[in-house]
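In case you want the letters, here they are:
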Amino acid sequence: MTGIFVPEPVVQVRNLGKVYGPFSDETISRTGSSFGSARDAVTGSIVAAWDISFDVQPGEALGIVGESGSGKSTVLRCIAGDVEATTGDIRLANVDEGKVNILDFDASRRRRLRIDQLSVVYQDPAEGLSLGITAGGNIADPLTAAGWRNYSAIRTRAKELLTRTEVPIDRIDDLVRTFSGGMRQRVQIARALANNPGVILLDEPTTGLDASVASGVLDLIRSLLEELNIAAIVVSHDFRVIEMLTERCLVMHHGRIVENTLTDQLLEDPQHPYSQKLIAAART
Amino acid sequence: MELSSSDTTLLKVQDLNKSFILHNIDGRTIQVLHDLRFSINAGEHVALAGTSGAGKSTLLRILFQTYSTSTGSILFKLASGEWVDLTHLTDSEIVAIRGREIGYVSQFLRAQPRRSVIDLVTRAGISRGLDNNDAREQAQMTLEKLHIGKPLWEVHTSVLSGGEKQRVNIAAGLISPPRLLLLDEPISALDPENRTLALELIQELTLNGVAVLAVFHDLDAIEQVSHRIIAMEKGRIVQEGPTNTLLPLLRKGYINS
């Protein structure tokens, strides 16, 4: 231990695992990066993620990179509660002072975390928003879930969030379906921030947006993390996204973490053979 | 090349080696730095000299931990007086001391495309512990010193010229400077007049107690700002001494530069 001040983590993930199908120690030892597959050839079980541990500090974004099928979205969805983890321990500093494993919560308590503790911004806005209702309505949703009842207070908060995420206020009563991709993503971010969550999970937040719109959204996310002191976990296969948002990141391959390092060190001096391949491919 | 043990020593590099293992090119290992040993004092400006490929930039990147270390230690004295070995810190500890304790200024400005000039430099100040007002004030002062006038402050950095970008980069690197500053050819794109301004700012650093380790490709800059020269060749330190002793040798080509 040194005297260097590192803030207490907001999220602590330990030995998180997700296996589809029956499994034993043999299944685990027959899968993973060194084995070249997440699928156990004997049982057919898929070890989508295993032995995943990390911390995230307030105001910090941690990146998770890897090719499609590496397990990065599985990790995010296990934390979000969209997917039930097979094993592991996840603690949030703001939930019972980090003394409980949220994976032990029942379904309804787990869902309640999504109102004001853990927000998710999905790649596809249709997953995080109701396209058939207005921008204001989408933001009102988590607010009413958190107990807001006063219409004008909700309206004021919605306007505040839309302003913060640079969505024109005069579009507040328009259906989200009429919004462009970049604007839908901003509304999704506004909704995610509605109840000041401690943690925000970003799953390919700018994939599918054109470059200039994407950089605007990334810039917004970066500013919000700094100003609101939120912890973020960002999953992306796009190194520009990871470089712009994160200082530290994990590389996943066949369901395992193969490298856990500083983002600039990953880009400039990757250590693991798979990381080297991934970085070389991204540069060409 | 014995290590100085004076109270003002800020950085001690011991037996530092760096190899890259290229797993995807038949697993070959390339050793780029060999047994480096040197130290730097607070308020001292040390210039790294040597031909390209000598390992100067590699060394700076290792000290900033953008490259990992293969073997050896990098002892650094924190503001608190505590000595730490940078090669043993956690990633979060490195993130915490970057900017505040150790800074790195490269040749190129790397910024979010939509950041304005003043915002970029102000944020750099805030990240080093200044409050918002002080950061903005110092950002303005630093930019003015580098002749980046008011009309450019609200402009996005992406539209600046090469020389303007480099001066903004220097401003962001030098505002409320960290205790050890690593400079990797920070003035390579500047015209003579702006080069002089930048060098003046760099000179001020050491007067304020900052330790500087710098790579400049022109010898006049080295002569103007450095106290000591470490000459490198093929990843090794080949000579080390006061600038006024070593510079004439560099100029005559007795040591490669």
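Before reading further, recall that the structure is shown in the block above.
Q: Describe the interface of chain A and chain B, and please don't skip the residues or the numbers.
A: Reports often express the size of an interface as the amount of accessible area lost when the parts come together. Contact with chain A, which involves 31 residues of that partner, is made by 30 residues of chain B. Overall, the association of chain A and chain B removes approximately 2,500 Å² of surface from exposure, summing both partners, and the carbon and sulfur fraction of that is 44%. When residues of chain A are sorted by the area they lose upon contact with chain B, Ile 4, Leu 262 and Glu 268 of chain A head the list and together hold 22% of the total. Here Glu 243 of chain A and Arg 110 of chain B are joined by a salt bridge, their closest N and O atoms 2.3 Å apart. Taken together, chain A and chain B are joined by 19 residue pairs in polar contact (both at pLDDT 80 or more). Those elements that place two or more of their residues in the side of chain A that touches chain B are α8 (211-228), α9 (239-245), β9 (256-262), α10 (263-268) and α11 (273-283) of chain A. It is α8 of chain A that provides the largest number of residues to the side of chain A that touches chain B, a total of seven residues.

Q: So what's going on with empty space enclosed by the protein? Residues and values would help.
A: Applying the stated criterion to the full structure yields two cavities of 30 Å³ or more. Within this model, the largest cavity holds a volume of roughly 60 Å³. The wall of the largest cavity is formed by Ile 189, Leu 193, Ile 200, Leu 202, Ile 221, Leu 224, Leu 225 and Ile 230 of chain A. For the lining of the largest cavity, the elements supplying multiple residues, two or more each, are α7 (181-193), β6 (199-203) and α8 of chain A. Among the elements that make up the lining of the largest cavity, the one with the highest residue count is α8 of chain A (three residues). When its residues are assigned to classes, the lining of the largest cavity shows eight nonpolar, no polar and no charged. Taken together, Leu 63, Phe 64, Gln 65, Leu 86, Ile 94, Ile 97, Arg 98 and Ile 102 of chain B make up the full set of residues lining the second largest cavity. For the lining of the second largest cavity, the class distribution of residues is six nonpolar, one polar and one charged.

Parameters at a glance
- Positions within a chain are numbered from 1, following the residues in the order the chain's sequence is written.
- Labels follow written order: the first chain is A, the first ligand is 1, and so on.
- Per-residue local features of the predicted model are confined to residues with pLDDT of at least 70, and side-chain atom pairs are confined, for both listing and counting, to 80 or more; whole-chain, interface and lining totals are unaffected and use all residues.
- With hydrogens and water excluded, all non-hydrogen atoms of the structure serve as input to the side-chain values.
- Contacts are assigned to residue pairs with any non-hydrogen atoms lying within 4.5 Å of each other.
- Using a 1.4 Å probe, buried area is obtained as the accessible area two parts lose upon being combined, added over both of them.
- Here, a salt bridge means any side-chain nitrogen of Lys or Arg that lies within 4 Å of a carboxyl oxygen of Asp or Glu.
- Here a polar contact is taken to be a pair of N or O atoms separated by no more than 3.5 Å, where protein atoms must pair a possible hydrogen donor with a possible acceptor and residues adjacent in sequence count only if both atoms sit in side chains.
- Think of it this way: any DSSP run of H or I at least four residues long counts as a helix, any run of E at least two long counts as a strand, and we number them from the N terminus.
- Detection works on a 1 Å grid of protein atoms alone, calling trapped sets that fit a 1.4 Å probe cavities and calling open sets with protein on both sides within 12 Å along at least five of seven lines pockets, with lining residues defined by an atom within 4 Å of a point.
- Grid points are joined across faces, edges and corners, and a volume is the space filled by probe spheres set on the points.
- Each residue receives one of three labels: charged for Asp, Glu, Lys and Arg, nonpolar for Ala, Val, Leu, Ile, Met, Phe, Trp, Tyr, Cys and Pro, and polar for the others, Gly being one of them.

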